[in-house]
There are 2 protein chains.
Amino acid sequence: MSADIKKRISKLRTFMKEKGMDAYVIPSADNHQSEYVGEFFKARAYITGFTGSAGTAVITKDEVGLWTDGRYFLQAEHQLEGSGAKLFKMGNQGVPTVLEYIEAAMPSNGKLGFDGRLMAMQEGEDFVSQLSPKNVAIEYAYDLVDMVWDGRPKLANEPVFLLEEVHSGESRSSKLRRVRDVMKDEGANYHIITTLDDIAWLLNIRGNDVKYSPLVLCYAVVTMEKVELFIEESKLDIRIKEALAKDGVVLRHYNDIYEFVKGFKAEDVVLIDPARINYAMYKNIPAQTQKIETDNPTILFKAVKNPVELANIEKAHIKDGVAITKFMYWLKTNVANTTITEISASDKLEEFRKQQEGYLWQSFAPISAFKEHAAMMHYSATPETDVELAQGHLLLMDTGGNYFEGTTDITRTFALGEVSSELKKHFTAVARGMMNLARARFLYGCKGYNLDILAREPMWSLDMDYKCGTGHGVGYLLNIHEGPSGFRWYIVPSKHETNTLEEGMVITDEPGIYIDGSHGIRIENELIVRKGVENESGQFMHFDAVTYAPIDLDAIATEDLNRDEKLYLNSYHKLVYEKLEGFLTFEERAWLKSYTREV
Amino acid sequence: MSADIKKRISKLRTFMKEKGMDAYVIPSADNHQSEYVGEFFKARAYITGFTGSAGTAVITKDEVGLWTDGRYFLQAEHQLEGSGAKLFKMGNQGVPTVLEYIEAAMPSNGKLGFDGRLMAMQEGEDFVSQLSPKNVAIEYAYDLVDMVWDGRPKLANEPVFLLEEVHSGESRSSKLRRVRDVMKDEGANYHIITTLDDIAWLLNIRGNDVKYSPLVLCYAVVTMEKVELFIEESKLDIRIKEALAKDGVVLRHYNDIYEFVKGFKAEDVVLIDPARINYAMYKNIPAQTQKIETDNPTILFKAVKNPVELANIEKAHIKDGVAITKFMYWLKTNVANTTITEISASDKLEEFRKQQEGYLWQSFAPISAFKEHAAMMHYSATPETDVELAQGHLLLMDTGGNYFEGTTDITRTFALGEVSSELKKHFTAVARGMMNLARARFLYGCKGYNLDILAREPMWSLDMDYKCGTGHGVGYLLNIHEGPSGFRWYIVPSKHETNTLEEGMVITDEPGIYIDGSHGIRIENELIVRKGVENESGQFMHFDAVTYAPIDLDAIATEDLNRDEKLYLNSYHKLVYEKLEGFLTFEERAWLKSYTREV
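In this text, all values refer to a predicted model and were calculated from it rather than measured experimentally.

Rules used in this analysis
- Residues numbered from 1 in each chain as written.
- Chains lettered and ligands numbered in written order.
- Predicted model: local features only at pLDDT ≥ 70, side-chain atom pairs only at ≥ 80, totals over all residues.
- Heavy atoms only, no water.
- Phe/Tyr/Trp six-rings, centres within 6.5 Å; stacked < 30°, edge-to-face > 60°.
- Helix = DSSP H or I, 4+ residues; strand = E, 2+ residues; numbered from the N terminus.
- Buried < 20%, exposed > 50% of the residue type's maximum accessible area, 1.4 Å probe, protein only.
- Lys NZ or Arg CZ within 6 Å of the ring centre and 35° of its normal.
- Axes fitted to C-alpha atoms, helices over the stretch in contact; angles between N-to-C directions.
- Left-handed = near helix turned anticlockwise from the far one by under 90°.
- Contact = heavy atoms within 4.5 Å.
- Nonpolar A, V, L, I, M, F, W, Y, C, P; charged D, E, K, R; others polar.
- Pairing = 2+ DSSP bridges.
- Polar contact = N/O pair within 3.5 Å; in protein donor to acceptor, adjacent residues only side chain to side chain.
- Core = buried A, V, L, I, M, F, W, Y, C linked by side-chain atoms within 4.5 Å.
- Buried area = accessible area lost by both parts, 1.4 Å probe.
- Salt bridge = Lys/Arg side-chain N within 4 Å of Asp/Glu carboxyl O.
- Expected span 1.5 Å × (residues − 1).
- Least-squares fit on C-alpha atoms with pLDDT ≥ 70 in both.

### Regarding the packing of aromatic side chains
Working step 1: One pass over the full model with this rule turns up 55 aromatic pairs over all chains.
Working step 2: Ring centres 5.3 Å apart and planes at 65° place the aromatic pair Phe230(A) and Phe260(A) in the edge-to-face group. In this pair, Phe230(A) is assigned in strand E11 (residues 227-230) and Phe260(A) in helix H11 (residues 257-260), connecting sequence segments 30 residues apart. Note on accessibility: Phe230(A) and Phe260(A) belong to one class, buried.
Working step 3: Linked through ring pairs, Phe114(A), Phe127(A), Tyr140(A) and Tyr279(A) together constitute an aromatic cluster.
Working step 4: Lys593(A) extends its terminal NZ or CZ atom over the ring of Tyr577(A), reaching a point 4.2 Å from the ring centre.
Working step 5: If you follow Arg456(B) out to its NZ or CZ, it ends over the ring of Tyr466(B), 4.0 Å from the centre.

Rendered as structure tokens:
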């Protein structure tokens, strides 16, 4: 492999030389600021051999650098071995950032290259301002990797399907009206949308162009009369074309948007989201065109689920809960006498999900992690790492499904046989954190950072922390991670998760404990934000749990629960039983009765 | 009274006319951005008759407007009656802000006047930018109220005293070194400090120029070699002058600073705090002098109490707890058979404080509020409102003392006789909130807005809220409200209370319930921020309560406490008993034993 990598880099350098570039940057992105990208876009992996989901490669005349974060240090070290590439461990002391490195490495009057479609607008601007003292030119119009990449996968071109109003709860024309109202308020006659989930939501279309995420590769430009949709036409059948045309959607070639935006006039006003547009698109807008920079209006619109969506989400979660419960029953009754591995367990769970009506596919790469594997937050079992389950330990399963009725995300940690009192103590702390956030009551106006401590306190009281947020928004048959609200105590501006918690948002609640080399525990429910009483104090808010599956009582240390926590656990389990009992066999139902008993 | 007011305004208008001013603004401030101001500075009260602590008057040729907030609507309506002044209820819908009002009222090419020393820098700048389209001139060099005010109180001129190192824990020279280190880092050769508590802290001086606050009216300009101290020299005795001179402090007249700063040169670099400098001072700095705008370095330095201060604070709180406990014993044993009023109760408490060694005076206007009076958060009993205490109700007392060992702030709510189950339920919710914040464990980096919900949750769970922050920093023999950290779930930028919670900060924890016309409950302990374990998760932090006084068990509904809350209450009460028993009579001690019993 490393010989291949060296060849690729050497070829890339000949093209760099041809274009007069002193350095070339390859990020992990696609053209749409997506969190997960299709195979076509895995350019950084192709060039460096490092396949992790996050990382940036910088190729200079005599060095190859790869930047990645703590999740991937081990994997990157392993995958870069022998390639000659140098690993830069982001966040470690003394390690320069990509920007700092390039600033030092670039010669005066040099030229930096990157594919401007893969670079966020702000990142590109940061390069420009940081390198201007050295008078460095930026060339963003070439995808050099494409010139090197033999057998590059094609751009995903999966068929589009319509999300009917019975599932979306709002017509395309109504959504367009709301977006246009914002444009009017802002005085804009154009609105460019490049984020795939925003377009899918707005046009009530779905697809399968990114693994797990039901998205459609396209760009949209909304005007007062039309929607210019830049998409490969072959993805659309005649019925869909007609439906779109009825709402003023005009089709254009996927890549033509970069020329299209060059045609904006001086009197045009274009609304763009600076956090959600790529550098090439941004630079192609004529300088004299007025830009209004604000969040895409669709961000908040799609995060606040409408009553039809919420009713559907409830249905999706009942199906999901049935699958999880059937799986849990199967696991508990078979683990002692059957060979089960991490992968076969998650395959079994997938079987149960597939039995559910309206199920499409998994909403993300399933995590099935036994014992110490579960301490790795993003562990994904491969045939090489797969292990057989055994009694006396914990199995963590973080999985989810895409249904026409919505996207689910659930984590349950299961005790296999009798587990130690330390494991029970940790499991109970995690369960307490999950429940204490779920039962919060709060005033309208709260953000996730106000509430996060409710989930985290049981772990903090043990002098432990989990190194991630407590929860994220979930899309409706869209992205598994969706802004603009979430739970995290510290503010990470790039995460866009500090919006006020609005009625109808759906957010996960998933605290955990991760002990390196020993075990990992996470329990995750999704919560719907609800309005409560409004009185002279203001508008009160609370959550309804919409995930229905038992929290494994075999791992609960009852004596660690206080009264309020016991009350919540019992009422939650009662709800789980009521929601699921009708969909289970006699045996499963009897089993569930016992696993949702009062403590 | 209203005839007097009319005369004053008419006189003011003749001076406005003389200066060509179309409007004149009178805020509630002093020259130092102080929260409480001396009598000399109560210009707005003199001109309008409204004596509340917050409000702004605007006098135009034909209107007098007074802006104040919800706390003061009733009082302002009453006090403005017959004066012809118009009350603007800040925050109410449709009510213009001062800025909006002036913008509408000013003629083009008109002139707006105010005393620039009373206006925060940013406020002044806001006037300038808002009024520039109308080409309005700003005249900030005249104190017109002074020309009108017969018998104006003199500027406070109380003697200064030194805070010895045994109390301050750090020498003047060491503090100056730390400030100068920041100046060096910032490249500044001048640093102007106008906030009285910052100067008092830096120079280890105290005084009595503002009622309750042990502050000294002065300004300081720090250079690398000297401190130019602008102060009335008669305030300083020879010993203090010598001590100051030894550390390079040079004395100048109080008002001369405004000329002094005009003398800065083009090559000078002056460090100022834009939130803590007045408009006149700011404008007097030559335009070509470079200004570095950042928080006064003293803000964070003085908020983080050193070990000597912390040990002293502990002593001050034991004294304060002794006084409160003696008072509580007296109250409980006498209320049934003695006439006690709100005022006589707070006088009695003051007697007990005066018995403590090192006690100086009250740290703020005491709140002694019976029954429905306690629902008014800022109630202050006057002979007109004073009522006799009676059995079956609650008495709220929020008081504090200035000691050489520090400043205290404590609230206890006392049950007089047997109180209703509703009162007990509310009292217990407040106690739970106070305790749940006090027993928090959290990672270093948390701000007050991360933790506030711990205190507020029991009230929010009852669909109730208290309309204020949960707690504020407390100075060391300084201001009772001290930044830059506090507890409040929503961010109010002007409050400067969102700093990370640092080891050694002292912050109050005072949730409450306020039911209009019925009752008010607040329980307040001060908390010291402490470091806990440091491990791979980071630096853990927690609080130590430093307020020692019983939480009235007569008002606790034990059944509302969960296990963790009971454990905390019992251990807190054990601590209270241990700290105080040595300073009590036999009777008091026996009584305290019972009032700190386990529940």
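### Some points on the packing of helix H4 (residues 98-105) of chain B against helix H5 (residues 121-131) of chain B
All names here are of chain B.
Working step 1: Where H4 meets H5, the closest approach of the two axes is 10 Å, and the angle between their N-to-C directions is 35°. The way H4 lies across H5 gives a crossing that is right-handed. Judged by residue contacts, Val-98, Leu-99, Ile-102 and Glu-103 of H4 engage Asp-126, Phe-127, Gln-130 and Leu-131 from H5.
Working step 2: In the contact of H4 with H5, the residues fall into five nonpolar, one polar and two charged.

### Thoughts on the sheet that holds strand E17 (residues 393-399) of chain B
Residues and elements named next belong to chain B.
Working step 1: Judged by pairing direction, the sheet is antiparallel, and its three strands sit side by side in the order E16-E17-E20 without closing on themselves. Looking at strand neighbours, the two that pair on one side only are strand E16 (367-370) and strand E20 (410-416), the edges of this open sheet. Across the sheet, the mean angle separating the axes of adjacent strands is 15° when strand polarity is ignored.
Working step 2: Direction of pairing for E16 relative to E17: antiparallel, over a ladder of four bridges. Of the residues in E17, the one forming a bridge with Ile-367 is Asp-398.
Working step 3: The sheet strands contacting helix H15 (residues 342-354) are E16, E17 and E20, and the helix crosses E17 at an angle near 45°.

### Concerning the side chain of Ser368(B)
Working step 1: Along the polypeptide, Ser368(B) turns up in strand E16.
Working step 2: At 2.7 Å, the side chain of Ser368(B) forms a polar contact with the backbone oxygen of Glu342(B).

### Here's the deal with the side chain of His32(B)
Residue and element names in this part refer to chain B.
Working step 1: In this structure, His-32 sits in the loop between strand E1 (23-26) and helix H2 (43-48).
Working step 2: By relative accessible area, which is 0% here, His-32 ends up buried.
Working step 3: Within the structure, His-32 has its side chain in polar contact with the backbone oxygen of Thr-194 (distance 2.7 Å).
Working step 4: A distance of 2.7 Å separates polar atoms of two side chains, one belonging to His-32 and the other to Tyr-254.
Working step 5: Ignoring any residue separated from it by four or fewer positions in sequence, one finds His-32 in contact with Thr-194, Thr-195, Leu-196, Leu-217, Cys-218, Tyr-219 and Tyr-254.

### A short note on the nonpolar core
Working step 1: Counting 181 residues, the largest nonpolar core has Leu451(A), Phe543(A), Leu451(B) and Phe543(B) as the members making the most contacts within it.
Working step 2: Sequence-distant contacts of Leu451(A), that is, excluding residues within four places in its chain, are made with Leu437(A), Ala440(A), Phe442(A), Cys446(A), Phe487(A), Leu501(A), Phe543(A) and Ile453(B).

### Remarks on the interface of chain B and chain A
For interface size, the figure often reported is the accessible area lost on association.
Working step 1: Of the residues lining the interface, 34 residues belong to chain B; the matching set on chain A comes to 34 residues.
Working step 2: Carbon and sulfur atoms supply 52% of the area buried between chain B and chain A, which totals about 2800 Å² over both sides.
Working step 3: Three residues stand out in chain B for area buried against chain A, namely Arg441(B), Asp463(B) and Trp489(B), and they jointly supply 23% of the buried area on that side.
Working step 4: Between Asp463(B) and Arg441(A) there is a salt bridge; the shortest N-O distance is 3.5 Å.
Working step 5: Joining chain B to chain A, the criterion identifies 18 residue pairs in polar contact (both at pLDDT 80 or more).
Working step 6: Broken down by secondary-structure element, the contributors of at least two residues to the side of chain B that touches chain A are strand E21 (441-443), helix H17 (448-460), strand E27 (525-535) and helix H18 (563-580) of chain B.
Working step 7: A breakdown of the residues in the side of chain B that touches chain A according to their chemical character gives 16 nonpolar, six polar and twelve charged.

### Here's the deal with helix H16 (residues 421-438) of chain A
Working step 1: Over its 18 residues, H16(A) extends 25 Å from the first C-alpha to the last, a length consistent with the 26 Å expected when each residue adds 1.5 Å.
Working step 2: When you tally the buried positions in H16(A), you get 15 out of 18 residues, the bulk of the element.

### Section: the pairing of strand E10 (residues 219-222) of chain B
Working step 1: Along E10(B), one buried face is formed by Tyr219(B) and Val221(B) and the opposite face, lined by Ala220(B) and Val222(B), is buried too.
Working step 2: Linking E10(B) back to strand E11 (residues 227-230) of chain B in an antiparallel pair, the connection comprises four residues.

### Here's the deal with the relation of the copies chain B and chain A
Working step 1: Taken as rigid bodies, chain B and chain A are interconverted by a rotation of 180° and an axial shift of 0.0 Å, the fit giving an RMSD of 0.0 Å. The transformation just described matches what one would write down for a two-fold rotation axis. Ranked by how close their C-alpha atoms come to the rotation axis, the residues of chain B are headed by Asn450(B), at 2.4 Å.
Working step 2: Taken as a fraction of all interface residues of chain B, those also at the interface in chain A reach 100%, which identifies the copy contact as same-surface.

By themselves, these observations are geometric and do not establish any function.
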